[in-house]
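# Chains, contacts and geometry: an overview
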Amino acid sequence: MKKHNFSPGPAILPASVLEEAAQAVSDFNGMGLSLLEISHRSAAFTAVMEEAVASVNELLDLDDDYSVLFLSGGASSQFFMTAMNLLNEGETACYADTGTWASKAIKEAKLFGTIEVIASSKDKNYSYIPRGWKVPAYAKYLHITTNNTIFGTQYHWLPESDAPIVADMSSDIFSRPIDGKNFGLIYAGAQKNLGPSGVTLVVVKKDLLGKVNRVLPSMLNYQTHIAENSLYNTPPVFPIYVSMLTMRWIKANGGLEGMEVINRRKAQLLYDEIDANPCFEGATVKEDRSLMNVTFLAKTPEWEAAFASAAKDAGCVEIKGHRSVGGFRASIYNAMPIESVQVLVDVMRDFAQKNG
Ligand SMILES: *Cc1c(COP(=O)(O)O)cnc(C)c1O
């Protein structure tokens, strides 16, 4: 039985993308060669890279001021690479601490400059997005995590900031329309909403670079990768290809507007059930609920254990909450069909009838 995959990451990909990727592994474009055994400098792969870059430019409505990079090292390497490339010793960057990933970004950035945490929701176990904060004029940049994968909160507004905004969009990239030009730098590990693990998308405004005094190793300098179009060294060929296919699928399914419409419908279906069901409650404040990672708690430990088993029996997998929240987390990224969300909702309803 095909499972309903609610994994937080690596996560569900469109079925058609998986089929096409499988085909490319055995025979890419009828070349008689696998995608995995051709040069990253071949015409065939260059075309893949060019389409991937063009799709990011189109989806995020970027202009020539921006460069699109596909790097390795995960979003976690961007935690330090951003600060290393953008912040001098003695300069200050501002961070909003909205969860585990944000706090890891803060820890790494502190290696390279002064980090001021100007907003935090740590006091309530990151169950909300803090509001009403100001970015001071001396900030070199503001760092935010647009969607908090573990806690299930998401920004539904863009902070006001004169300083460029650096955003970790690992778990909500391409889930809704955004104007990339509102950001100084965007990064996203592919494995949540874009492709397989192994590649990280970076979008950077070029005029922010080249301003730090420190010596940067070539591989950790964005300018190296910009100059070589992400081909300075061997890039993660397969993850880039699958990400390119996913962006093709996004464009064929209404683009980011289309993604948002269906993502809202899916999230509402599930949150409505959480709010109506006597056995469960949401784990975050309502106004900051994530459309990607839906976190909820069972009202008793017995129900928690029993529901975990009922969901599993219905083929709903990977819904266990992160240990720092407990309960459940249903990740319903772009590729998650609404039919699978409906299956989970039906299990919840059925569970309440028997237990509630
Ligand atoms: C998963 C995740 C990360 C870490 O990504 P890696 O690619 O494993 O380093 C960082 N930020 C957010 C928001 C995430 O969801």
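For the structure, see preceding data.
Now for a look at the structure at hand. Bear in mind that the values here come from a model prediction, so they are computed numbers and not experimental data. (Residues numbered from 1 in each chain as written. Predicted model: local features only at pLDDT ≥ 70, side-chain atom pairs only at ≥ 80, totals over all residues. Heavy atoms only, no water.)

### Focus: the overall build of the protein
So the rule is basically this: The way it works is that DSSP assigns letters per residue, a run of H or I at least four long becomes a helix, a run of E at least two long becomes a strand, and they are numbered from the N terminus. This radius of gyration counts C-alpha atoms alone. The globule rule is 2.2 Å times how many residues there are, raised to the power 0.38. Buried residues are those whose accessible area, probed at 1.4 Å on protein chains only, stays under 20% of the maximum for their type, while exposed residues exceed 50% and partly exposed ones sit between those limits. Two residues form a contact once any of their heavy atoms are found within 4.5 Å. Only the protein chains shown count as cover for residues, and the accessible areas themselves come from Shrake-Rupley with a 1.4 Å probe. Note that His is not counted, nor are the chain ends; the positive residues are Lys and Arg, and the negative ones are Asp and Glu. Lys charges are placed at NZ, Arg charges at CZ, Asp charges at CG and Glu charges at CD.
Counting secondary structure elements, the protein contains nine helices and 14 strands. Compactness check: the protein gives a C-alpha radius of gyration of 21 Å against a globular reference of 21 Å for 356 residues, within 12% of the reference. Taking the principal axes of its C-alpha atoms as reference, the protein extends roughly 65 × 55 × 30 Å. Residues counted as buried form 55% of the 356 residues belonging to the protein. Pairs at least 24 residues apart make up 68% of the contacts formed inside the protein by residues separated by at least 6 positions. For the protein, the accessible area works out to roughly 15000 Å², and carbon and sulfur atoms hold 51% of it. Here the protein carries 32 positive and 39 negative side-chain charges, and the mean point of each set is 5 Å from the other.

### Comments concerning the pattern of salt bridges
Counted only if it meets this: The term salt bridge refers to a side-chain nitrogen of Lys or Arg lying within 4 Å of a carboxyl oxygen of Asp or Glu.
Within the structure shown, the criterion is met by 15 salt bridges. Here Lys 251 and Glu 58 are joined by a salt bridge, their closest N and O atoms 3.3 Å apart. Here Lys 251 is found in helix H6 (residues 237-252), whereas its partner Glu 58 is found in helix H2 (residues 43-59), with 193 residues between them in sequence. Residue classification places Lys 251 among the partly exposed residues on the basis of a relative accessible area of 31%. As a salt-bridge pair, Asp 179 and Lys 181 come within 3.1 Å of each other at their nearest N and O atoms. Connected through salt bridges with shared partners, the residues Glu 20, Glu 51 and Arg 248 form a single ionic network.

### Thoughts on the nonpolar core
To keep things clear, this is the line we draw: We define the nonpolar core as a collection of buried residues of types Ala, Val, Leu, Ile, Met, Phe, Trp, Tyr and Cys that are connected through side-chain atoms lying within 4.5 Å of one another.
Ranked by internal contacts, the top residues of the largest apolar core, which has 56 residues, are Val 56, Phe 70 and Phe 174. If you tally residues by element for this core, the top one is H6, at nine residues. When neighbours within four sequence positions are excluded, Val 56 is seen to be in contact with Asp 61, Leu 62, Val 68, Phe 70, Phe 174, Leu 201, Val 203 and Met 247. Core analysis: the second largest hydrophobic core is formed by 29 residues, Tyr 271, Ala 311, Ile 332 and Val 341 among them.

### Structural notes on empty space enclosed by the protein
Rule in force here: Buried and open spaces are told apart on a 1 Å grid over the protein atoms alone, a cavity being a set of points where a 1.4 Å probe fits but cannot get out and a pocket being an open set with protein on both sides within 12 Å along at least five of seven lines. Residues with an atom within 4 Å of a point are the lining residues. Grid points are joined across faces, edges and corners, and a volume is the space filled by probe spheres set on the points. The nonpolar class holds Ala, Val, Leu, Ile, Met, Phe, Trp, Tyr, Cys and Pro. Asp, Glu, Lys and Arg form the charged class, and all remaining residues, Gly among them, are polar. What counts as a domain boundary in this text is fixed by an automatic or database domain assignment.
Tallied over the full model, the rule gives one cavity of 30 Å³ or more. Approximately 40 Å³ is the volume attributed to the largest cavity. Of the residues assigned to the lining of the largest cavity, the class counts are six nonpolar, three polar and one charged. Summarising the domain contributions, the lining of the largest cavity has at least three residues from each of domain 1 (4-12 + 254-355) and domain 2 (15-252).

### A closer look at helix H8 (residues 301-313)
As a reminder, the rule being used: A helix is expected to span 1.5 Å multiplied by its residue count minus one. It is the directions from the helix axis to the C-beta atoms whose arc is reported.
For H8, spanning 13 residues, the distance from its first C-alpha to its last is 19 Å, which sits close to the expected 18 Å at 1.5 Å a residue. When H8 is considered as a whole, its buried residues turn out to be Trp 303, Phe 307 and Ala 311. One face of H8 carries all of its buried residues, which in axial projection span an arc of 60°. Away from the buried face of H8 by more than 90 degrees, exposed residues Pro 301, Glu 302, Ala 305, Lys 312 and Asp 313 are located. At the C-terminal side of H8, Gly 315 shows a positive phi close to 85°.

### Description of the site of the ligand
For clarity, the cut-off: Distances are taken per atom, and a residue is near a molecule or strand as soon as one of its heavy atoms is within 4 Å of it. In protein, a polar contact requires one atom able to donate a hydrogen and another able to accept it; more generally it is a pair of N or O atoms within 3.5 Å, and residues adjacent in sequence count only if both atoms are side-chain atoms.
The immediate surroundings of the ligand are formed by 13 residues, with Ser 76, Thr 149, Asp 168, Gln 191 and Lys 192 found nearest. Note that an oxygen atom of the ligand is positioned 2.4 Å from one of the side-chain N or O atoms of Thr 149. Asp 168 has a polar side-chain atom sitting 2.6 Å from a nitrogen atom of the ligand. For the ligand, the accessible surface in isolation is 390 Å², of which the surrounding protein chains cover 88%.

### Some words on unusual backbone geometry
The linkage connecting Gly 9 with the following residue, Pro 10, adopts the cis geometry, with an omega of -10°. As for its position among the elements, Pro 10 is in the loop between strand E1 (4-5) and helix H1 (15-26). With phi around 65°, Phe 174 is a residue other than glycine that occupies positive phi space. Following the sequence through the fold, Phe 174 ends up in the loop between strand E8 (165-168) and strand E9 (185-189).

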